[in-house]
Amino acid sequence: MTDRPDDTSVRVALRIRPQSAKERIDMCQVCTSVTPGEPQVFLGKDKGFTYDFVFNMQSSQFEIYDNVARDLIDGTFEGYNATILAYGQTGSGKTYTMGTGFDISQLPEEVGIIPRAVEHLFKGIEERRQKAVETSKVPPEFKVNAQFMELYNEEIIDLLDTTRDPNEKGKRSHIKIHEDAHGGIYTVGVTTRQVVSLQDTIQCLKTGSLSRSTASTNMNAQSSRSHAIFTLHIKQQRVVSEEVGEGKENEGEEIMNEFETLTAKFHFVDLAGSERLKRTGATGERAKEGISINCGLLALGNVISALGDVMKKGSHVPYRDSKLTRLLQDSLGGNSQTLMIACISPSDRDFVETLNTMKYANRARNIKNKVVVNQDKTSRQIAELRAQVMQLQEELLDYKQGKRMVDPDGVESFNDMFHENTMLQTENDNLRQRIKAMQVTIDSLNTKNTELLAERTANNITNVEGGASSDEVSKLISGYIREIEELRQKLMESQTMADQMQRSV
């Protein structure tokens, strides 16, 4: 794990929803085609786009989650923020893909990204606790909080606030958006609920989804009239084991346990669909909602253009033009791993909206985010102090060994005696290696000499007796000669040691 900044591009996945029964009845033609085995899609005959992932009409919900969202949940356990953003025209399947619709007749395989991600999260928490118990370690502690809000007519509404009057949607919201010292965005006044299981989180999601603003238009029977943001805050406290020694000369090292606190923020964003009033047939309040939705998406498009356009690099990014872009400031150009899922219709009558969505998503791929680990300040300072203590211990050991010295003027320098000792130590190491190599050579020569002496003695015996010696006689002679050579070698070593002792005396 590292806390150094890492440039990470916004990833884009394109999902083509199946044709609806109404589109087939109206004889709409399919105007999209996907290149087999490649993340490339063609609109019409000549307009081609390449993304990080492309899912055709027959792609399943599990396939989409497993390919694009699973690694983001795994990243939260290491302290990385993440965002999944669903964008597209109204009726293109954004709510279905994210899983906030909660249709009663929905089959298990049709469950969307959010329920699957929550299940993956709590399963990962349980696995890490179980693994710590099996290895006799302190289990990590997790705390998960959920928030659910919508942006309706440029006002933030708390969907988990049970005391809120549903008829007060048009009134000014008391929720405020703030930015911390490190550029992180947080909200004040939003209900935060602690969740401890999959069931708790799904219940929060259901409660908020039922309170969300929806209405019927000519293009969608249950059209989302607001941008919804479901956020999970994951706080993790785990034990980090480190080997700490008092000095270089101390071979035995002590294992010290330190607690590390990591936090992560996961946004699930279901944007309202872009729409044209002429096609939706919206009037009155619905028309006002549509205009507000398009204004928010326009501001989001301007932010994406400012961040992704090379010609505009370094220019002002208009985050404050809309509360939507302000809330997503971390996700676009900030500290977050971001995935945009662009949902499109394959029908030819939606050709213009589909083309705009694909261009919109293509610009988002150029955005670079600065992803860092969200480590608690206290644990980070402890780690830095630990590194400083180890460095000071090494310097103190250098002074004790005479490697460093300070002259009367207070100027630090290296001792010449230390350099000389280092050179002699290196020379001694080289001599030891030469002695080992020579010993191997001597052993080899002794073995060869023994074999030659045994062979010569056997030949002499053969000449005297006039016949060939048996194998047993040869082995006996070899054994005696080897023993004689070993005794001779020991005698020479003893004589050498005796001479040295006489000289010393």
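Let me begin by describing the structure that accompanies this report.

Rules and cut-offs
- Residues numbered from 1 in each chain as written.
- Predicted model: local features only at pLDDT ≥ 70, side-chain atom pairs only at ≥ 80, totals over all residues.
- Heavy atoms only, no water.
- Axes fitted to C-alpha atoms, helices over the stretch in contact; angles between N-to-C directions.
- Helix = DSSP H or I, 4+ residues; strand = E, 2+ residues; numbered from the N terminus.
- Parallel < 35°, antiparallel > 145°, perpendicular 65-115°, else oblique.
- Left-handed = near helix turned anticlockwise from the far one by under 90°.
- Contact = heavy atoms within 4.5 Å.
- Nonpolar A, V, L, I, M, F, W, Y, C, P; charged D, E, K, R; others polar.
- Phe/Tyr/Trp six-rings, centres within 6.5 Å; stacked < 30°, edge-to-face > 60°.
- Buried < 20%, exposed > 50% of the residue type's maximum accessible area, 1.4 Å probe, protein only.
- Lys NZ or Arg CZ within 6 Å of the ring centre and 35° of its normal.
- Expected span 1.5 Å × (residues − 1).

**A few points about the packing of helix H5 (residues 113–134) against helix H6 (residues 198–210)**
- Two elements in contact, H5 and H6, have axes whose closest approach is 9 Å; the angle formed by their N-to-C orientations is 155°. Comparing the axis directions of H5 and H6 gives the class roughly antiparallel. As H5 packs across H6, the resulting crossing turns out to be right-handed. Judged by residue contacts, Ile114, Pro115, Val118, Glu119 and Phe122 of H5 engage Leu198, Thr201, Ile202 and Leu205 from H6.
- Counted by class, the contact of H5 with H6 contains seven nonpolar, one polar and one charged residues.

**So, the packing of aromatic side chains**
- In this structure the tally under the stated criterion is seven aromatic pairs.
- Here Phe230 and Phe268 contribute two aromatic rings whose centre-to-centre distance is 6.3 Å and whose plane-to-plane angle is 35°, an arrangement assigned as tilted. Placement of Phe230 in strand S15 (residues 227–244) and of Phe268 in strand S16 (residues 254–270) is noted, with a sequence separation of 38 residues between them.
- Each ring, one from Phe266 and one from Phe268, has its centre 4.4 Å from the other, and the planes form 10°; the classification is stacked.
- Residue Phe268 is classed as buried on the basis of its relative accessible area, which comes to 1%.
- Pairwise contacts between aromatic rings join Phe148, Phe230, Phe266 and Phe268 into one cluster.
- Sitting over the ring of Phe77, Arg128 keeps its end group 3.8 Å from the ring centre.

**Some thoughts on H5**
- Taking 1.5 Å per residue as the helical rise, H5 with its 22 residues ought to reach 32 Å, and the 31 Å between its terminal C-alpha atoms agrees with that figure.
- One or two steps after H5, the chain reaches Ser136, where phi turns positive at roughly 60°.

**Details of unusual backbone geometry**
- The phi angle at Met27 is positive, at roughly 60°, despite the residue not being glycine.
- Among the structural elements, Met27 can be located in the loop between helix H1 (21–25) and strand S3 (32–34).
- Take Met27: its relative accessible area is 60%, and that puts it in the exposed class.
- Although it is not a glycine, Ser136 adopts a positive phi angle of roughly 60°.
- Mapped onto the secondary structure, Ser136 falls in the loop between H5 and strand S8 (141–152).
- With relative accessibility at 70%, the residue Ser136 sits in the exposed group.

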